[in-house]
Amino acid sequence: MKVFLDACVLYPTVLREVLLGLAAEGLYQPLWSPRVLEEWARATRKLGAEAEVQARGEIALLKARWPKAERQPGVATEARLVLPDANDVHVLAAASDGGADLLVTLNLRDFPKQDVRAEGMDVCAPDGFAMDLWLAHPTPVEAAVSQVHATARQMAGEDLPLRGLLKRAKLPRLGKALA
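Below you will find a few notes about this structure. Not measured: the values here are computed from a predicted model.

Topic: the sheet that holds strand 4 (residues 122–124)
Think of a sheet as strands paired side by side through backbone hydrogen bonds, with each pair either parallel or antiparallel.
Line of reasoning, step 1. Spatially, the four strands line up as an open sheet ordered 2-1-3-4, and their pairing is parallel. Edge positions in the open sheet fall to strand 2 (29–31) and strand 4, since each of these has one partner strand only. Pairwise comparison of adjacent strand axes, ignoring direction, gives a mean angle of 30 degrees for this sheet.
Line of reasoning, step 2. Where strand 3 (residues 102–104) lies against strand 4, three bridges are found, and the strand directions are parallel. Residue pairing in the sheet places L102 in a bridge with D122 of strand 4.

Comments concerning helix 8 (residues 126–136)
Line of reasoning, step 1. Most of helix 8 sits inside the fold, with eight of its eleven residues counted as buried.
Line of reasoning, step 2. Buried within helix 8 we find P126, D127, G128, F129, A130, M131, L133 and W134.

Observations regarding the environment of H90
Line of reasoning, step 1. Inspection of the secondary structure assignment puts H90 in helix 6 (residues 89–97).
Line of reasoning, step 2. The sequence separation of H90 and G74 amounts to 16 residues, and the corresponding C-alpha distance is 8.8 Å.
Line of reasoning, step 3. Ignoring any residue separated from it by four or fewer positions in sequence, one finds H90 in contact with S33, R35, V36, E39, P73 and E78.
Line of reasoning, step 4. Engagement of the side chain of H90 in a polar contact is seen with the side chain of R35, the distance being 3.5 Å.

Some words on unusual backbone geometry
Line of reasoning, step 1. Phi angles above zero are rare outside glycine, and K170 is one such case at about 70 degrees.
Line of reasoning, step 2. Tracing the backbone shows K170 in the loop between helix 10 (162–168) and helix 11 (172–178).
Line of reasoning, step 3. Overall, the relative accessible area of 47% leaves K170 in the partly exposed class.

Examining the packing of helix 3 (residues 34–43) against helix 4 (residues 49–65)
How two helices pack is summed up by the angle between their axes together with the distance between the axes.
Line of reasoning, step 1. Contact pair helix 3 / helix 4: the axes reach a minimum separation of 8 Å and the direction vectors enclose 155 degrees. For the element pair helix 3 / helix 4, the angle class is roughly antiparallel. In terms of crossing hand, the pair formed by helix 3 and helix 4 is right-handed. Counted together, L37, E38, W40 and A41 of helix 3 and E52, A55, R56, E58, I59, L62 and K63 of helix 4 form the full contact between these two elements.
Line of reasoning, step 2. Residue composition of the contact of helix 3 with helix 4, grouped by class: six nonpolar, no polar and five charged.

Brief notes about the pairing of strand 1 (residues 2–5)
Line of reasoning, step 1. Taken together, the three bridges between strand 1 and strand 2 define a ladder with parallel strand orientation. Note on strand 2: the bridge partner recorded for F4 is L31.
Line of reasoning, step 2. By the bridge criterion, three bridges tie strand 1 to strand 3 in an arrangement that is parallel. Within strand 3, the residue paired with V3 across the bridge is L102.

Let's talk about helix 9 (residues 138–156)
Line of reasoning, step 1. Helix length check: helix 9, at 19 residues, gives a terminal C-alpha distance of 26 Å against a target of 27 Å (1.5 Å per residue), a fit within 8%.
Line of reasoning, step 2. Here helix 9 has its buried residues at P140, V141, A144, V145, V148, H149 and A152.
Line of reasoning, step 3. Positioned one or two residues after helix 9, G157 has a phi angle of 70 degrees, which is positive.

Focus: the pattern of salt bridges
Line of reasoning, step 1. Tallied over the entire structure, the rule returns nine salt bridges.
Line of reasoning, step 2. Where R16 meets E17, a salt bridge forms, and the shortest distance between an N and an O atom there is 3.6 Å.
Line of reasoning, step 3. By relative accessible area, E17 is classed as partly exposed at 36%.
Line of reasoning, step 4. As a salt-bridge pair, E52 and R45 come within 2.9 Å of each other at their nearest N and O atoms.

Rules used throughout
Residues numbered from 1 in each chain as written. Predicted model: local features only at pLDDT ≥ 70, side-chain atom pairs only at ≥ 80, totals over all residues. Heavy atoms only, no water. Pairing = 2+ DSSP bridges. Helix = DSSP H or I, 4+ residues; strand = E, 2+ residues; numbered from the N terminus. Axes fitted to C-alpha atoms, helices over the stretch in contact; angles between N-to-C directions. Buried < 20%, exposed > 50% of the residue type's maximum accessible area, 1.4 Å probe, protein only. Contact = heavy atoms within 4.5 Å. Polar contact = N/O pair within 3.5 Å; in protein donor to acceptor, adjacent residues only side chain to side chain. Parallel < 35°, antiparallel > 145°, perpendicular 65-115°, else oblique. Left-handed = near helix turned anticlockwise from the far one by under 90°. Nonpolar A, V, L, I, M, F, W, Y, C, P; charged D, E, K, R; others polar. Expected span 1.5 Å × (residues − 1). Salt bridge = Lys/Arg side-chain N within 4 Å of Asp/Glu carboxyl O.

Okay, here's the thing in structure tokens:
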């Protein structure tokens, strides 16, 4: 299954790490566009120049790990699409041209289901996506989440309850299910 990840699910870190951990477990093939990656890098600027440099390093690692993930939207596809927020047309166009089966975003209002389905895919929030994967493949989902949780605890230098960590990462249902 090919899943296009919007910029809003690649930044913040814990959400990105969980979603990419699920991809690393072989549960789906991630897709993104150069513009989505640039939006992620620019979003970190509010944290300072060092944060943007770190994000660009993480982006380089993602590109190396998933060299076939990057999809450029076609000009013709972008020209024919209309969404409530014109700034999101490139996301749907890249997902469509990349052959995505699913678009994962936190901005569901900006991607009406009928418009997304007309492009041959579905749209959902990351929590619903992760829950569906957990229900179908509990062991690899739990392994991916466990790895992210362990890394977060190590970086924080303290115990972080899993449910709270996932809730802050916009994965409350998954957090409740795994806690």
